[in-house]
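The chain contents come next:
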Amino acid sequence: SRYLVSGSVRLDLTNFFGTDSKYRYKPLWSVGATWKLAEEKFFSVSWIDRLNLRASYGINGNISLSEGPYLMLAAGSYQEMTGGVSYSIASPPNNQLRWEKTKTTNIGADIALFDNRINLTFDYYLKNSSDLLARDAIDPTTGFSSLTKNVGEMQNNGVEFSVNADIIKKQDFVWNSVFNFSYNKNKVKTYNVTRMYTSQWASMAPILAEGYPADAMFGFKYAGLNDKGEALGYSANGEKDRLANLTTDDIIYLGTVRPKYDLSFTNAFKYKNVQLSFMFIAKLGHQYRKDGFYGMNYQNRHVADRWQKPGDENKTDIPATLTWESYDGMRQHLASYSSNSVRKGDFIRL
């Protein structure tokens, strides 16, 4: 009634790692303990009904289910002329894969106060992930441009806090409130994926990059439009230039799409058999890419605000229409993936 100890062990003998025992026989395990401090004889605080202190540590893993040590084929469509089925290579032999591992430390407390009218839960966690799975560039003369590898490390740490309280608790009327708060800080510690081109950094989808938070966005520092309606960017030395002349050295960090803070606040009222509840939800500390007209998507709501004649660059930041005569995909790319398209993603809703 005072001390709890728990543990688990899992052993996977999957052949996704070939026949080498050092890769196949990888145990995943965890151990935890709880001390019910309020149950001790020396503890006598009348308004504290429960005080549990918790701690746990464990290692779990993840594997790639799309690649393995053997050649994998994918069936295509039925061919009427030959009477057979076409096949393609889904994955080349890859005997370098191993477990993606996460070591998790958790420390927490559960508290109940005033005849269980107020219940609080607090947790701190630290997660260190290693051997992260990702696509990495390889020698294209092998017939493939990239291969899944264990190429990185990432750390997550944060806190989670919850309060559940019966503010009013009468026979015919009850008012209950629940508040939840969480904060997460993460950083990619190592990630040796090769990115040689600006398009591999500045893209619509967030990426992992060494030294930055997970799900990071990168792009160019926006420098406005020129007298032709073309989007410009700042180079690393502060000069305005067209995208075709910018390099990966000119790429900048634009934020992460992953919120740092998650909050919710719920109130529930009950009067006899009538119930009413409402909830506030908030996510804070992240960014997103806004929509915009980038020269080709003519059904976009901003198309009427585009650059159309010299001088418009002084009153709009939306590029000119792309035509067959003046097609420049680079211009579109810069407008789409520059600092001008990034906004704060903070929101709260009822």
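The structure displayed is predicted, hence computed values, not measured ones.

**Q** I'm lost on the overall build of the protein chain in this one. Help?
**A** Within the protein chain one finds three helices and 19 strands. Principal axes of the C-alpha set define a box for the protein chain whose edges measure 85 × 60 × 50 Å. Taken across its 350 residues, the protein chain has 37% of its residues classed as buried. Across the protein chain, the fraction of contacts at a sequence separation of at least 24, relative to all contacts at a separation of at least 6, is 62%. Accessible surface, the protein chain as shown: approximately 21100 Å² in total, 54% of it carbon and sulfur.

**Q** Would you take a moment to explain unusual backbone geometry for this structure?
**A** The bulk of non-glycine residues show a negative phi, and the bulk of peptide bonds are trans. You will see that Asp115, though not glycine, has its phi angle at about 55°, which is positive. Along the chain, the position of Asp115 falls in the loop between strand 6 (100-113) and strand 7 (118-137). Using a relative accessible area of 67% as the deciding quantity, one classes Asp115 as exposed.

**Q** Can you help me understand the sheet that holds strand 11 (residues 221-225) in this one?
**A** The strands making up a sheet associate through hydrogen bonds between their backbones, and the pairing can be parallel or antiparallel. Taken in spatial order, the three strands of this open sheet run 11-12-13, and their pairing is antiparallel. The strands lining the two open edges of the sheet, one partner per strand, are strand 11 and strand 13 (240-241).

**Q** What is the right way to read the environment of Thr34 from this model?
**A** Along the chain, Thr34 falls in strand 2 (residues 26-36). Look at Thr34 and you get buried, because its relative accessible area is 18%. For the pair formed by Thr34 and Val5, sequence separation is 29 residues and the distance between their alpha carbons is 6.6 Å. In this structure Thr34 touches Arg2, Tyr3, Leu4, Asn52, Leu53 and Arg54, once residues within four positions along its chain are discounted.

**Q** How do you make sense of the side chain of Asn267 when you look at a structure like this?
**A** Take Asn267: it is sitting in strand 15 (residues 261-271). By relative accessible area, which is 4% here, Asn267 ends up buried. Engagement of the side chain of Asn267 in a polar contact is seen with the side chain of Trp175, the distance being 2.9 Å. Looking at Asn267, its side chain comes within polar contact range of the side chain of Ser177, at 2.5 Å. In contact with Asn267, not counting residues within four places along its chain, are Trp175, Asn176, Ser177, Leu276, Ser277 and Phe278.

About the criteria used
The residue numbering used here restarts from 1 in each chain and proceeds along that chain's sequence as written. Only residues with pLDDT of at least 70 get local features here, since the model is predicted, and only at 80 or more are side-chain atom pairs given and counted; chain-wide, interface and lining totals rely on the full set of residues. Water and hydrogen atoms play no part in the side-chain values, which are based on all heavy atoms of the structure. Helix and strand assignments come from DSSP, with helices taken as H or I runs of at least 4 residues and strands as E runs of at least 2, each series counted from the N terminus. Each residue gets one of three labels from its accessible area relative to the maximum for its type: buried under 20%, exposed over 50%, partly exposed in between, using a 1.4 Å probe on protein chains only. Every residue pair with non-hydrogen atoms within 4.5 Å of one another is taken to be in contact. Each accessible area value is a Shrake-Rupley result obtained with a 1.4 Å probe; residue values ignore everything except the protein chains displayed when judging cover. Two strands make a pair as long as DSSP finds a minimum of two bridges between them. Under this definition, polar contacts are N or O atom pairs within 3.5 Å; protein pairs additionally need one hydrogen-donor-capable and one acceptor-capable atom, and for neighbouring residues in sequence, both atoms have to be side-chain atoms.

All we've got here are geometric facts, nothing functional implied.
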